[in-house]
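# Notes for the structure review
Here is how the chains run, residue by residue.
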Amino acid sequence: MANKFIAAPAPHMHNPHSTQSLMRDVIIALLPALAVSAWVYGLDVLKITAIAITSCVVVEFLIQKLFIGGRQTVSNLSAIVTGLLLAFNLPTTIPWWIIVVGAVIAIGVGKMTYGGLGKNPFNPALVGRVFLLIAYPVQMTTFSQPTVAGYVDAMSGATPLASVKSLAGDASFAEAIGGVDFTNMLYGMMPGSMGEIAALALIVGGLYMLWRKVITWHIPVSILCTMALFAFAVVFFGGERGAVLYEFPAFHILAGGALLGAIFMATDYVTSPMTHKGMIIYGIGIGAITMIIRLWGAYPEGMSFAILIMNGVTPLINKYVKPRRFGKTSAK
Amino acid sequence: MKTFPIGGVHPSDNKCWSKDKAIEVLELPDVVNIPLAQHIGAPATAKVAKGDKVLVGQLIAEATGFMSANIHSSVSGTVTAVDMVPNGQGIRQMMITIKREGDEWMPEIDRSKDIVRECSLEPQAIIAKIKQAGIVGMGGATFPTHVKLSIPQGCVAEYLIINGVECEPFLTSDHRNMLERGEELLIGVEIIAKALGVKHTVVGVENNKPDAIANLKKIIAEKGFDIKVEPLKVQYPQGGEKQLIAAVTGRQVPPPPALPIHVGAVVCNASTSLAVYEAVQKNKPLIERVVTITGETMATPRNLLTRMGTPISKLVEMGGGLVEGDVKVVNGGPMMGRAMVNIDSPVTKGCSGITVFVGKKAHRVAVDDCIKCAKCVEACPMGLEPYLLIKLSERQMWDRAEQERIPDCIECGCCQYTCPAGLPLLDYVRLAKQTVMGIIRARAAAEAAKK
């Protein structure tokens, strides 16, 4: 009998997930938002996305080959996810070379410096994005108008968050968000970064990832609930009454990078906590910091900073927040 | 529907290959090798020597000390050796080799098919009979049953839980016993309940065996047993003792060294209950058991009533034989079974099935870097953090590993099963657990010496 007996310890079965399959699912989940973006802004979106993905993959490949050595990790698809997310955080007017700089910072500094996937403390795409935001503030905040037919220019080139922010100084909350068209925000008909505009498409992607068990609900739900409660409390204690009590929280969830951040960026495995309890603490932190920056900070958008700050807190959360151990609460 | 509270995974159950195959009696082997250690605890002491004639059911090795079990001959014939023979893992182990001649049984064993319900024995007499018959946990843990039924001072058994969960994928031997020998099995349960004097008796069966659940319920209703059947939501490792107790009673056994009896529960495997029936009512020691031979590529998966000591190669042959190339023959199920390199090794009391994997499935998946996806933390039924434990183990940080409660690990394999990076989590956790347990024992010994 020509048999070779394989003897390894149990378990002898493995579930069909692999790092690659998880990353593939994230890519699939991002496609609806990409499609909406391409529809709203035109084919430039696909060009920018292609440049971002290609740069990220090439940078990872070269660093692995020239500096780290060992097995190539490009096939785990994580560089493609980083490229997609980086592109999603850019405006369509961005010059191509800034995208390449972003990719070098995201993959080179944000990820490979630490030894590659799994070892980076901060979300690479956000490291790239925040670098670009600080280094090239003008190019990063010049948003074009949606080019799709039927779009009515209600907010004149500024993102909804930016226009509300510029008003909020002297106007009431109700006046500030008075010009907001919620339907347009749901469908992505607003100026903004490529991937953050399509609220519905992002939610569909999030549901897909939940269904495929790529992510759990804890991080997105805790971020969005915190943001909504925070916004509600600010308006309520600011003395406002009426519809604005609900519109203001809804606006903050739909506007800017809230959904993109909560569903796709904060849920990055490597940089988020390991326990459900920890994930909720992390989500509350992100939600609160985002709102503090949005309402009182120098930037209209705070999601990226909030996620990076909480990425930094993650090791501490992992150290102190332990899962519910079996047998700790014995009945009787 | 009830289930356990933390973690768990859902491997595809793969019961389809053998669940509808009625139990068949395997042809008697020409030679059996009967190991002296088929249970947790001290190996039994051989009572026969080369050249002795033995009958089926004759005591050939006696329990040594408290935690041990008797061993009986599974065939009639001549003892040809009491010597070291390689086991499934290729490690030499003391075994009694018997060359079979005919099939002569000990005269006191009742081989009729008549079902005897009436049992007038006192609890102590029941336990003595179980001890005499050499019964051990047949789900794989092989804990001597008479030790389990002897309740320590100060503890009270409230629940007897019969483990008919069979949460290991592929295996169907408990399933077939519940289906084909339900009444005898339930009488066995009734006898164990009497020995323990419990108030509640529950048979936990996972919901992927609706026919077994229906069959047991029907017999209970018709014959008036005071036993409850509890269908459980399918989830691995529900058959783990602590998980099953939590699923059925809601009570969680505290961390080691606490035992199930500390929450008032005693758990017994379904096939073990059947063995108890045969031992107490029929004077039949544990000399045969149902073994599933299965695997996706096996031509004829079966459930075979097999004499202890039969070479596993004989079962594999009955299942259709091995195909060419790389194979993994597992003694037990895929989640906790042990891969074998020597399939001429014998079937023992804890062997509920033989699962065969071939080709790519015989090998582990490729290993990637940990991406901290937290799936292992989510899957761990004990609420541990396998990703952390593997690092502590690699770095030999045994104190930290103890603080992180590594002795709680039940080695179910959920973490490794679920890891998308294919990391050998359980290998490292097991290493750390063994080391830490050694340290704990050494510390206790040192403490004792001081006093």
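Along each chain, residue indices are assigned from 1 in the same order as the chain's sequence is written. As a convention, the first chain written is A and the first ligand written is 1, with the rest following in written order. A pLDDT threshold of at least 70 governs which residues receive local features in this predicted model, and a stricter bar of 80 or more applies before side-chain atom pairs are shown or counted, although totals over entire chains, interfaces and linings include all residues.

## Focus: the overall build of chain B
The numbering of helices and of strands both runs from the N terminus, where a helix is a DSSP run of H or I of at least 4 residues and a strand a run of E of at least 2. Summing up its helical and strand segments, chain B has 13 helices and 17 strands in all. For 451 residues, the compact-globule estimate of 2.2 N^0.38 gives 22 Å, and chain B sits close to it at 22 Å. Along the three orthogonal principal directions, the C-alpha set of chain B runs to about 60 × 55 × 55 Å. Residues are called buried when their C-beta atom has 20 or more other C-beta atoms within 10 Å, exposed when it has 12 or fewer, and partly exposed otherwise; all C-beta atoms are positioned from the backbone. Per-residue burial over chain B gives 56% buried out of 451 residues. Considering only intrachain contacts with a sequence separation of at least 6, the fraction spanning at least 24 residues in chain B is 74%. We compute the radius of gyration from the C-alpha atoms alone; for a globule the expected value is 2.2 Å times N to the 0.38, where N is the number of residues. We call two residues in contact whenever the C-beta atoms placed from their backbones are within 7 Å.

## Some details on the pairing of strand β5 (residues 59-62) of chain B
All names here are of chain B. In this structure, strand β3 (residues 45-46) lies alongside β5, joined through two bridges in antiparallel fashion. Residue Thr45 lies in a different strand from β5, and its bridge partner there is Glu62. As paired strands, β5 and strand β6 (residues 71-72) are joined by two bridges and run antiparallel to one another. Of the residues in β6, the one forming a bridge with Ala61 is Ile71. For two strands to be treated as a pair, DSSP must find no fewer than two bridges joining them.

## Quick notes on unusual backbone geometry
A cis amide bond links Ala10 of chain A to the next residue, Pro11 of chain A, at an omega of 0°. Here Pro11 of chain A is to be found in the loop between β1 (3-5) and α1 (19-41). Look at the link from Tyr236 of chain B to Pro237 of chain B: it is a cis peptide, with omega at 0°. By the secondary structure assignment, Pro237 of chain B is in the loop between β11 (228-232) and α6 (241-249). Unlike most non-glycine residues, Asn14 of chain B shows phi in positive territory, near 50°.

## Some thoughts on the domain arrangement of chain B
All names here are of chain B. Each assigned domain of chain B is listed with its residue range as follows: domain 1 (29-100), domain 2 (123-282), domain 3 (288-362) and domain 4 (375-450). Residue ranges labeled as domains rest on an automatic or database domain assignment. Taking the mean C-alpha position of each, domain 1 and domain 3 sit 21 Å from one another. Across the boundary between the two partners, domain 1 contributes 14 residues, which contact 17 residues of domain 3. If one sorts the elements of the side of domain 1 that touches domain 3 by residue count, strand β2 (residues 31-35) sits on top with four residues.

## Quick notes on the packing of helix α10 (residues 199-211) of chain A against helix α13 (residues 258-265) of chain A
Residue and element names in this part refer to chain A. Axis definition: a line fit to C-alpha positions, over the contact stretch in the case of helices; interaxial angles, taken between N-to-C directions, run 0 to 180 degrees. Contact geometry for α10 and α13: axes closest at 10 Å, N-to-C directions at 15°. Classified by the angle their axes make, α10 and α13 are roughly parallel. You can see that α10 and α13 cross each other, and the crossing is left-handed. Of α13, the residues touching α10 (which contributes Ala199, Leu202, Ile203, Gly205 and Gly206) are Leu259, Leu260 and Ile263. Counted by class, the contact of α10 with α13 contains six nonpolar, two polar and no charged residues. Throughout this description, any angle smaller than 35 degrees is read as roughly parallel, any larger than 145 degrees as roughly antiparallel, any in the 65 to 115 degree range as roughly perpendicular, and the remainder as oblique. Here a crossing is called left-handed whenever its near helix is offset anticlockwise from the far helix by less than a right angle, and right-handed whenever the offset is clockwise. Side-chain classes are defined by residue name, with Ala, Val, Leu, Ile, Met, Phe, Trp, Tyr, Cys and Pro counting as nonpolar, Asp, Glu, Lys and Arg as charged, and the others, Gly among them, as polar.

## Examining the pairing of strand β17 (residues 353-358) of chain B
All names here are of chain B. Burial within β17 is extensive, with six of its six residues counted as buried. The side-chain alternation of β17 yields two buried faces, one formed by Gly353, Thr355 and Phe357 and the other by Ile354, Val356 and Val358. Across three bridges, the pairing between strand β13 (residues 288-294) and β17 is parallel. Counterpart to Ile293 in the pairing with β17 is Ile354. Pairing geometry for strand β15 (residues 325-331) and β17, over five bridges, is antiparallel. From the neighbouring strand, Val329 faces β17, where its bridge partner is Val356.

## With respect to the domain arrangement of chain A
Residue and element names in this part refer to chain A. With domains assigned, chain A is organised as domain 1 (19-139) and domain 2 (159-320). Centre-to-centre, using C-alpha coordinates, domain 1 lies 22 Å away from domain 2. Counting residues at the interface gives 32 residues for domain 1 and 28 residues for domain 2. Listing elements by their share of the side of domain 1 that touches domain 2, those giving two or more residues are α1, α2 (44-68), α3 (78-88) and α5 (124-135). At 13 residues, the largest contribution of residues to the side of domain 1 that touches domain 2 is made by α1.

## Observations regarding the sheet that holds strand β9 (residues 159-164) of chain B
Residue and element names in this part refer to chain B. Spatial ordering of the open sheet is given by β11-β10-β9-β12, a layout of four strands whose pairing is parallel. Both edges of this open sheet fall to β11 and β12 (265-269), since each of them pairs with a single strand only. When the angles between neighbouring strand axes are averaged without regard to direction, this sheet yields 25°. Sheet topology places β9 next to strand β10 (residues 200-206); six bridges connect them, and they run parallel. Paired with Asn163 across the two strands is Gly204, which belongs to β10. Across the face of the sheet, helix α4 (residues 182-196) comes into contact with β9, β10 and β12 while running at roughly 150° to β9.

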